[in-house]
Amino acid sequence: MTTKVLVIVEDEEEMRVLVRALLVRDPRLEILGEATTAAEAVELARALEPGLIVLDHLIDGPVMGLDAAPMLRAAAPAAKILLFSAYDLAAEARRSPAVDAYLAKDVPERLLGLAQEPLGLGPVAA
């Protein structure tokens, strides 16, 4: 079984708990890092070289998620970046070469599938 390392970038503890709960349903995914700011996320991305970064847009600090995406891409070039935001940033995410996928927070049930897809993982067998 291949384990894919994930990093969650989210400033709200409750939302980090929800993201973890949704993603750990797939035993092939392992969350090794969490950050609340772009600077912390870049450090983690550089150190962990994750397969996927789940990135909120409204995070702590002066740099927002969409603006942090190119920095994260530079820190971990092989990582896929999934922008997971309460803001409607679908068009902006499509235009950003650093963002691989976008999901609105009002449909969290789609998060696991969108996390599995860019990692080349199919659904978990029941």
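Structural notes, computed from the coordinates.

Criteria and cut-off values
Residues numbered from 1 in each chain as written. Predicted model: local features only at pLDDT ≥ 70, side-chain atom pairs only at ≥ 80, totals over all residues. Heavy atoms only, no water. Pairing = 2+ DSSP bridges. Helix = DSSP H or I, 4+ residues; strand = E, 2+ residues; numbered from the N terminus. Right-handed = clockwise from strand over helix to strand, strands pointing away. Core = buried A, V, L, I, M, F, W, Y, C linked by side-chain atoms within 4.5 Å. Buried < 20%, exposed > 50% of the residue type's maximum accessible area, 1.4 Å probe, protein only. Axes fitted to C-alpha atoms, helices over the stretch in contact; angles between N-to-C directions. Contact = heavy atoms within 4.5 Å.

This part covers the pairing of strand β5 (residues 101-104). Taken together, the four bridges between strand β4 (residues 80-85) and β5 define a ladder with parallel strand orientation. Bridged to Phe84 within β5 is Leu103. In this fold, the crossover linking β4 to β5 by way of helix α4 (residues 90-95) has right-handed handedness.

Okay, the nonpolar core next. Counting residues in hydrophobic clusters, the biggest one holds 25 residues, and the most contacted among them are Val9, Ile53, Leu55, Leu72 and Leu83. Mapped by element, the contributors of at least two residues to this core are β1 (4-9), α2 (38-48), β3 (52-55), α3 (65-75), β4 and α4. Broken down by element, the residue count for this core peaks at five residues, all from α3.

The next subject is the sheet that holds β4. Spatially, β2-β1-β3-β4-β5 is the arrangement adopted by the five strands of the open sheet, whose pairing is parallel. Bordering the open sheet on either side are β2 (29-35) and β5, each of which pairs with just one other strand. Neighbour to neighbour, the strand axes of the sheet diverge by 20 degrees on average, direction disregarded. Lying over the sheet, α3 contacts β3 and β4, oriented at roughly 170 degrees with respect to β4.

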